[in-house]
Amino acid sequence: MGGPAYDCLTNPFGAVRFSFSNALSSGYDPASSVGKDWGVVDLFRHYFSDESAISQVPILDSSSIKWIQPKTLVRYRGMIQDMLGNEFYAGAYKDGSTWRTNKYSDVSQFPEGSSSSEMQVWERRLLYCVPVPGQNQWTECSSEELKNRFFNLTGQNREKRVRVDEEMTDSMATNTSEAGLNGSPFKKLKAGEATSSASESQVPRTNGAPQSSVIPPATSQDSLTCLVKIYDSPESELKLNDVVEFLGVLTFDPVTTMDMDSLDENSDDLSEAESVQMPSGKLKSPQIFKEIREGLMKYLTDLLGNDHIAAQFLLLHLLSKVHGRVDNVAVGKLSLNLIHLNKESMSIFGTQLSNALKSLLPFTQSIPLTIEYLNTTSLGPKKDYGINRLVPGVLQIADGTHLILDETELQPGTLNSAGVENAELLKNLTECQKVEYDFQYYKMEMATDAQMLIFSEGKSNIMPADLVLPFQPSQVSSLQVITPETAEAWRCYLATCKSLSHSIGQELQQVVENDLVAARQTDRSLGSQDLSRLLTMARMMSVSYGETTLSQEHWQMVLELERLRKERLK
């Protein structure tokens, strides 16, 4: 045993059995419960009521899997890349006259010759999870820090066992492997089971019923994928592409190998839905918002060659998010197309900006748009019924992902059928914030929320952005050195502003309405989308100052910004 029966961290299976035994003593009947929770959730929630206890649980990744002991509690952070339906398992069985449980267990154990009356078949959901595409390093704890934290907690004897396990794992570099999570939820109170497998490895057969499957390619060579099995959770609580942190028990058998055409992933997990690690600070007074905004604006202006107007629009763009949908319109999106860039200016300003956004935002990706890229890359996910998996595409991303799309290297050429399809996918993402998923026999549009920043020489013909702005840098500034404290403050500022609610007071509603009518009379080409964009910009301007209600001052700032943008377009 890894610890006493009630030790949730080092012996979670013992904790599950302990609570099951107590539930039986209190009248819990496995034959009529259909596998419903008997108190495991409350047990783990109580254990982790102190956040310092959660921090002691190691995060499962491609590095930590080498030293984490099997059948101990871990955390796995990832995106739900595929939903594999439900499976049945032997949830409880009678051992003589005593009921025992396999819930949250990798292998369904029961005595040979057991009758159906002595075994209860329960149901669980299967989710295939991958590391979040484009997740930046600042959101993650270092593996070494987690290892030290874990070893300090579990002691010398445990460290010796982990060292042996690490040696076993290292010797299996070219072999197949299996890993799983078994655990307990403590925020949204969802219970599940999960299996993880290292990149480019396959999952071996267990003593449970084999499930033919092949793991889709992971997001990188160092990534770790995971099959999560969820218990006692309504289907509506988790959806495709959600970013989730799972808390569960790791089951990992590096010795077992099998044929690649017959693979099985099994393990158990009690899961907790939670966003990826974000800045934890809180901003309260408008004065603090203003001070942080000034510092960030100066930094963005320097990044953009002292183009203050471009920096203003970039900040509004970074604060945008889809907060509602009306028919086919995604309310709140604010894509930005910076034009008059070429290869030379991109090598300076594009590179600087891309690196800066990686240090400020949790998820970022850069997509180089060339004829060859469009003709050869799979942007949309496609279902492969041969392996019964959803094969990911570049545009299968988590909500809140920031995309930089570089058109400056796009040369004249011919798009093949795949290229045309990819161009349509990008256009639809820009206009409607939807990505088409190809299920072979039918296609389905999935709503997403991606911030799109487009660099091009002229106005992009592929992606019709909400804002088109000629980029006019006046100098190449030497960038200031950003302290970790400043970077953390900016991350917290961006995350907090995006989360603020917003409204327009009754008095100002009439002012805004009159200004929009006047703008329409001055420029008959203005449509409903242009007016909606101005309102979105007004929302972003308000929240950038920490305000939840639009003021006359901020509304006038938006109108002035729009005037300056149109001046540049002439």
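Residues numbered from 1 in each chain as written. Predicted model: local features only at pLDDT ≥ 70, side-chain atom pairs only at ≥ 80, totals over all residues. Heavy atoms only, no water.

Side note on helix α7 (residues 308-318)
Moving on, step 1. Summarising burial for α7: 10 of the 11 residues are buried, a large majority.
Moving on, step 2. Within the sequence span of α7, burial applies to Ile309, Ala310, Ala311, Gln312, Phe313, Leu314, Leu315, Leu316, His317 and Leu318.
Moving on, step 3. Two to three positions downstream of the cap, the backbone nitrogen of Ile309 sits 3.3 Å from a side-chain oxygen, assigning the N-cap of α7 to Asp307. (Buried < 20%, exposed > 50% of the residue type's maximum accessible area, 1.4 Å probe, protein only. Helix = DSSP H or I, 4+ residues; strand = E, 2+ residues; numbered from the N terminus. Polar contact = N/O pair within 3.5 Å; in protein donor to acceptor, adjacent residues only side chain to side chain.)

Quick word on empty space enclosed by the protein
Moving on, step 1. Using the criterion set out here, one finds five cavities of 30 Å³ or more in the structure.
Moving on, step 2. Its volume calculated, the largest cavity comes out at about 80 Å³.
Moving on, step 3. Along the wall of the largest cavity there are 14 residues; nearest its centre are Ser320, Lys333, Leu334, Ala450 and Gln451.
Moving on, step 4. Residue composition of the lining of the largest cavity, by class: four nonpolar, six polar and four charged. (1 Å grid on protein atoms, 1.4 Å probe; cavity = no way out; pocket = protein on both sides within 12 Å on 5 of 7 lines; lining within 4 Å. Points joined across faces, edges and corners; volume = space filled by probe spheres on them. Nonpolar A, V, L, I, M, F, W, Y, C, P; charged D, E, K, R; others polar.)

Things to note about the pairing of strand β2 (residues 98-101)
Moving on, step 1. Residues Trp99 and Thr101 point to one face of β2 and are all buried, whereas Thr98 and Arg100, pointing to the other face, are not buried.
Moving on, step 2. Here four bridges tie strand β1 (residues 73-95) to β2, and the two strands are oriented antiparallel to one another. For Lys94, the partnering residue across the bridge sits in β2 and is Trp99.
Moving on, step 3. Connecting the antiparallel pair β1 and β2 is a turn made up of two residues, with Gly96 showing a positive phi of about 75°. (Pairing = 2+ DSSP bridges.)

Things to note about the nonpolar core
Moving on, step 1. Leu296, Leu453, Tyr493 and Leu494 are the most contacted members of the largest nonpolar core, which has 54 residues in total.
Moving on, step 2. The biggest single contributor to this core is α7, with eight residues.
Moving on, step 3. When neighbours within four sequence positions are excluded, Leu494 is seen to be in contact with Leu296, Leu315, Leu318, Leu319, Leu360 and Leu361. (Core = buried A, V, L, I, M, F, W, Y, C linked by side-chain atoms within 4.5 Å. Contact = heavy atoms within 4.5 Å.)

As for the packing of α7 against helix α13 (residues 528-544)
Moving on, step 1. Two numbers describe how α7 lies on α13: the axes approach to 9 Å, and their chain directions differ by 90°. With respect to α13, the axis of α7 lies roughly perpendicular. Between α7 and α13, the residues in contact are Phe313, Leu315 and Leu316 and Met537, Met540, Met541 and Ser544, respectively.
Moving on, step 2. Looking at the contact of α7 with α13, its residues break down into six nonpolar, one polar and no charged. (Axes fitted to C-alpha atoms, helices over the stretch in contact; angles between N-to-C directions. Parallel < 35°, antiparallel > 145°, perpendicular 65-115°, else oblique.)

Section: the pairing of strand β18 (residues 443-447)
Moving on, step 1. As defined by bridge partners, strand β17 (residues 434-438) adjoins β18 across five bridges and the pair is classed as antiparallel. Paired with Glu436 across the strands is Glu445, a residue of β18.
Moving on, step 2. Here β17 hands over to β18 after four residues, with Gln440 in that stretch at a positive phi of 70°.

Regarding the side chain of Lys103
Moving on, step 1. The topology assignment puts Lys103 in the loop between β2 and β3 (119-130).
Moving on, step 2. Its relative accessible area of 2% is what places Lys103 among the buried residues.
Moving on, step 3. A distance of 2.5 Å separates a polar atom in the side chain of Lys103 from the backbone oxygen of Gly35.
Moving on, step 4. Sequence-distant contacts of Lys103, defined by excluding residues within four places in its chain, comprise Val16, Gly35, Lys36, Asp37, Trp38, Tyr89, Gly91, Trp122, Tyr231 and Asp232.

Some details on the packing of aromatic side chains
Moving on, step 1. One pass over the full model with this rule turns up 13 aromatic pairs.
Moving on, step 2. Here the aromatic rings of Tyr89 and Tyr231 are separated by 5.6 Å at their centres, their planes lie at 80°, and the arrangement is edge-to-face. Separated by 142 residues along the polypeptide, Tyr89 in strand β1 and Tyr231 in strand β6 (residues 224-231) bring together distant segments of the chain. The pair formed by Tyr89 and Tyr231 is uniform in burial state, with each residue classed as buried.
Moving on, step 3. Among the aromatic residues, ring-to-ring pairing joins Phe20, Tyr28, Trp38, Tyr89, Tyr104, Trp122 and Tyr231 into one connected group.
Moving on, step 4. Lys383 extends its terminal NZ or CZ atom over the ring of Tyr385, reaching a point 5.8 Å from the ring centre.
Moving on, step 5. Arg389 extends its terminal NZ or CZ atom over the ring of Tyr128, reaching a point 4.6 Å from the ring centre. (Phe/Tyr/Trp six-rings, centres within 6.5 Å; stacked < 30°, edge-to-face > 60°. Lys NZ or Arg CZ within 6 Å of the ring centre and 35° of its normal.)

Details of the confidence of the model for the chain
Should pLDDT be low for a region, the predicted coordinates there are not to be read in detail.
Moving on, step 1. The predicted model of the chain has a mean per-residue pLDDT of 79, with 77% of residues at 70 or higher.
Moving on, step 2. This model gives residues 156-221 a pLDDT under 50, and the stretch forms 260 contacts once residues within four places in sequence are excluded.
Moving on, step 3. Every residue in residues 255-269 is under pLDDT 50, and counting partners more than four places away or in other chains gives 93 contacts. (pLDDT = per-residue confidence, 0-100.)

Quick word on a nonpolar patch on the surface
Moving on, step 1. On the surface, Tyr385, Tyr441, Tyr442 and Met444 cluster together into a nonpolar patch covering about 450 Å² of accessible area.
Moving on, step 2. Position of Tyr442 among the secondary structure elements: in the loop between β17 and β18. (Patch = residues over 30% accessible without salt bridge, like charges linked within 9 Å, V, L, I, M, F, W, Y side chains within 5 Å. Areas by Shrake-Rupley, 256 points an atom, 1.4 Å probe, with all protein chains shown as cover. Salt bridge = Lys/Arg side-chain N within 4 Å of Asp/Glu carboxyl O.)

A look at the pattern of salt bridges
Moving on, step 1. Following the criterion strictly, the structure yields 20 salt bridges and no others.
Moving on, step 2. One salt bridge in this structure joins Asp42 and Arg45, with 2.4 Å as the shortest N-O distance. Of the two residues, Asp42 and Arg45 are both situated in helix α3 (residues 40-47); the distance of three residues between them amounts to about one turn of the helix.
Moving on, step 3. Relative accessible area serves as the criterion here: at 42%, Asp42 is assigned to the partly exposed category.
Moving on, step 4. Measuring nitrogen to oxygen at the nearest pair gives 2.9 Å for the salt bridge that ties Arg565 to Glu562. One end of the pair is Arg565 and the other is Glu562, both in helix α14 (residues 552-569) and three residues apart, which spans about a single turn.
Moving on, step 5. By relative accessible area, Arg565 is classed as buried at 6%.

Section: α14
Moving on, step 1. End to end, α14 covers 26 Å across 18 residues, agreeing with the expected 26 Å (1.5 Å per residue, within 8%).
Moving on, step 2. Burial in α14 covers these residues: His554, Trp555, Val558, Leu561, Glu562, Arg565 and Arg568. Here the buried residues of α14 occupy an arc of 140° about the axis, which is enough to place them on one side.
Moving on, step 3. Check the buried side of α14 and you find it contacts α7, β20 (467-470), α12 (506-522) and α13. (Expected span 1.5 Å × (residues − 1). Arc of directions from axis to C-beta.)

Some details on the packing of helix α1 (residues 12-25) against α3
Moving on, step 1. For the pair α1 and α3, interaxial distance at closest approach is 9 Å and the crossing angle is 130°. With respect to each other, α1 and α3 are oriented oblique. Our pair here, α1 against α3, has a crossing hand that is right-handed. Facing Pro12, Ala15, Val16 and Ser19 of α1, the residues of α3 in contact are Val40, Leu43 and Phe44.
Moving on, step 2. Across the contact of α1 with α3, the residue classes break down as six nonpolar, one polar and no charged. (Left-handed = near helix turned anticlockwise from the far one by under 90°.)

Quick word on the side chain of Gln433
Moving on, step 1. For Gln433, the location among the structural elements is in the loop between α10 (417-432) and β17.
Moving on, step 2. One polar contact links the side chain of Gln433 to the main-chain amide nitrogen of Ala450, over a distance of 2.6 Å.
Moving on, step 3. Ignoring anything within four residues of it in the chain, the contact list for Gln433 reads Val322, Arg325, Ala330, Lys333, Asn428, Met446, Ala447, Thr448, Asp449, Ala450 and Met452.

What about the state of the cysteines?
Moving on, step 1. A complete count under the given rule lists zero disulfides for this structure.
Moving on, step 2. With no disulfide of its own, Cys492 lies closest to Cys497 among cysteine sulfurs, the gap being 9.1 Å.
Moving on, step 3. A residue is classified by how much of its surface remains accessible, and Cys497, at 1% relative accessible area, is buried. (Disulfide = S-S within 2.5 Å.)

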